[in-house]
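Chain by chain, the residues run as shown.
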Amino acid sequence: YSSTAAAPGPFAIDVFDARYSLHQFEKIVDQQFKYDYHKTLDTWGVSLFDSAPTANILWAGGATADNDLSGENSHPFDWRLLKRTSRKMDENNVPRFEDGKRICIMTPLQEEQLVTDPEYQRLSKDTKDGTLNPLFRDSYVASVMDWHLFKSSTLTQTANSSSVTVHYAQAFGPEAVGWGLADLPAIMPNTNDNYGQTVFAVWIALMGFGVLNENFLYSLRS
C-alpha cells in the first residue's frame, strides 16, 4: 500500500542494491511484503467487524452517542456494558460458538479499564494454561461467563466533536463475517523493469471478504 498514492503500489527492488547489499536484501523485501499482507488482512477485518447496524451500537456509562463522551475516561469500558451486550444478543438470537461463548475484542485502554472493574474481577477466569489456541495467546485476556475476551491495538479509535477519543470494541457471534481464499498470495513482478535493473513487484491473492450477517455484529464504544 502506497501512502503517497493512497492506493496499492509496487515495491521497487533495485538490482544493484540487491546484488551488493551487506544485508540479505531478499529477506528485507520478504518482510515488507509479509507485513503488508498481514496489515491488509487486519485492516479489512477491522472494517468488516465495525459494520454493526445502528441498533447494535452500545455505549458505556449510559451514553447514547459518541458525542456524549465529554472527557477522556469519562465513560470507561466496564462489565455492565458487556452484560448489556450479552442480553441484547440473547434477545436477538445471536448464535454462540461451539463452546457456548461469544467473542469481544477491545482496545488496550478498554482492557485496562475493564480489569479494574471490581465486578469483572470477581467473575473473570484466566485460562492461560496452555489449552488456548497458541495463535491467540498474545491477544487473549480472559474467559468470563458468556465471553472470550481479546485485545487489539489496531481497532478503530476516532475523535468526537469534543476531541475525545472514542474507542470501538467489537462483539460478535459465529457466521457474522466470511472470508474465502481461492488462491494463495504470490509476489508478481511488473514487466516495466528498467531493462532488468529495477523490479517492481506487488503481492496478489484471490480472496473474497464480506459481512454475512450484520445482525450478529455489535459495536461497544467507550
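In the block above lies the structure referred to throughout.
For the structure given in this document, a descriptive report is provided here. (Residues numbered from 1 in each chain as written. Predicted model: local features only at pLDDT ≥ 70, side-chain atom pairs only at ≥ 80, totals over all residues. Heavy atoms only, no water.)

## Re unusual backbone geometry
Argument step 1. The backbone of Ala6 shows a phi angle near 55 degrees, a positive value even though the residue is not glycine.
Argument step 2. With respect to the helices and strands, the residue Ala6 is situated in the segment before β1 (11–14).
Argument step 3. Taking relative accessible area as the criterion, Ala6 reaches 52% and is therefore assigned exposed.
Argument step 4. Located in the positive-phi region is Tyr195, a residue other than glycine, with phi close to 60 degrees.
Argument step 5. Counting through the fold element by element, Tyr195 comes out in the loop between β8 (177–189) and β9 (198–211). (Helix = DSSP H or I, 4+ residues; strand = E, 2+ residues; numbered from the N terminus. Buried < 20%, exposed > 50% of the residue type's maximum accessible area, 1.4 Å probe, protein only.)

## Thoughts on helix α3 (residues 79–91)
Argument step 1. When the terminal C-alpha atoms of α3 are compared, their 18 Å separation across 13 residues agrees well with the 18 Å that a helix rising 1.5 Å per residue should span.
Argument step 2. Taken together, the buried positions of α3 are occupied by Trp79, Leu81, Leu82, Thr85, Ser86 and Met89. Along α3, the residues classed as buried sweep out an arc of 155 degrees about the axis, all on the same side. Of the exposed residues in α3, those oriented more than 90 degrees away from the buried face are Arg80 and Glu91.
Argument step 3. Within two residues after α3, Asn93 carries a phi angle of roughly 60 degrees, on the positive side. (Expected span 1.5 Å × (residues − 1). Arc of directions from axis to C-beta.)

## Here we look at the packing of aromatic side chains
Argument step 1. Tallying each qualifying case throughout the model produces seven aromatic pairs.
Argument step 2. Measuring from centroid to centroid gives 5.6 Å for Trp179 and Phe209, while their planes differ by 10 degrees, and the two rings are stacked. Of this pair, Trp179 sits in strand β8 while Phe209 sits in strand β9, and the two are 30 residues apart along the sequence.
Argument step 3. Among the residues examined, Phe209 registers a relative accessible area of 32% and is labelled partly exposed.
Argument step 4. Among the aromatic side chains, those forming a connected cluster through ring pairs are Trp44, Trp179 and Phe209. (Phe/Tyr/Trp six-rings, centres within 6.5 Å; stacked < 30°, edge-to-face > 60°.)

## Focus: a nonpolar patch on the surface
Argument step 1. Together, Trp44, Trp179, Leu181, Leu184 and Phe209 give the surface a local cluster of nonpolar side chains, amounting to about 530 Å² of exposed area.
Argument step 2. When residues in the nonpolar patch are grouped by element, the largest group, three residues, is from β8.
Argument step 3. Within the element layout of this structure, Leu181 appears in strand β8.
Argument step 4. By relative accessible area, Leu181 is classed as partly exposed at 43%. (Patch = residues over 30% accessible without salt bridge, like charges linked within 9 Å, V, L, I, M, F, W, Y side chains within 5 Å. Areas by Shrake-Rupley, 256 points an atom, 1.4 Å probe, with all protein chains shown as cover. Salt bridge = Lys/Arg side-chain N within 4 Å of Asp/Glu carboxyl O.)

## A word on the side chain of Ser219
Argument step 1. Checked against the element boundaries, Ser219 lands in strand β10 (residues 217–221).
Argument step 2. Residue contacts for Ser219: discarding those within four places in its chain leaves Ala52, Asn56, Ile57, Leu58, Tyr168 and Ala169. (Contact = heavy atoms within 4.5 Å.)

## Considerations on the sheet that holds β9
Argument step 1. Taken together, the three strands give an open sheet; going across it, the order is β1-β9-β8, and neighbouring strands pair in antiparallel fashion. For this open sheet the edge positions go to β1 and β8, each flanked by a neighbour on one side alone. Averaged over all pairs of adjacent strands, the angle between strand axes in this sheet comes to 20 degrees, irrespective of strand direction.
Argument step 2. As defined by bridge partners, β8 adjoins β9 across 10 bridges and the pair is classed as antiparallel. When the sheet's bridge partners are listed, Asp183 is paired in β9 with Leu206. (Pairing = 2+ DSSP bridges. Axes fitted to C-alpha atoms, helices over the stretch in contact; angles between N-to-C directions.)

## Structural notes on the nonpolar core
Soluble globular proteins tend to pack their nonpolar side chains together in the buried interior.
Argument step 1. Phe77, Leu82, Cys104, Leu149 and Leu220 are the most contacted members of the largest nonpolar core, which has 33 residues in total.
Argument step 2. Within the residue set of this core, elements represented by two or more residues are α2 (25–49), α3, β3 (102–106), β4 (140–144), β5 (147–151), β7 (165–172) and β10.
Argument step 3. In contact with Leu220, other than residues within four places in its own chain, are Leu58, Phe77, Leu81, Leu82, Thr85, Cys104, Gln110, His167, Tyr168, Ala169 and Ala171.
Argument step 4. If you look at the next biggest cluster of nonpolar residues, it comprises eight residues, including Phe33, Tyr37, Leu41 and Trp203. (Core = buried A, V, L, I, M, F, W, Y, C linked by side-chain atoms within 4.5 Å.)

## Observations regarding helix α4 (residues 108–115)
Argument step 1. Of all the residues in α4, the buried ones are Gln110, Glu111, Gln113 and Leu114. Taken down its axis, α4 places every buried residue within 160 degrees of arc, on the same side.

## Quick word on the layout of surface pockets
Argument step 1. For the largest pocket, the calculated volume is near 650 Å³.
Argument step 2. Elements that contribute at least two residues to the lining of the largest pocket include exactly α2, β7 and β8.
Argument step 3. Looking at the lining of the largest pocket, the element that brings in the most residues is α2, giving six residues.
Argument step 4. A class-by-class count of the residues in the lining of the largest pocket yields 10 nonpolar, six polar and one charged.
Argument step 5. In this model, the second largest pocket occupies a volume close to 510 Å³.
Argument step 6. Taken together, 17 residues line the second largest pocket, and the ones lying closest to its centre are Tyr1, Ser2, Asp36, Thr40 and Trp203. (1 Å grid on protein atoms, 1.4 Å probe; cavity = no way out; pocket = protein on both sides within 12 Å on 5 of 7 lines; lining within 4 Å. Points joined across faces, edges and corners; volume = space filled by probe spheres on them. Nonpolar A, V, L, I, M, F, W, Y, C, P; charged D, E, K, R; others polar.)

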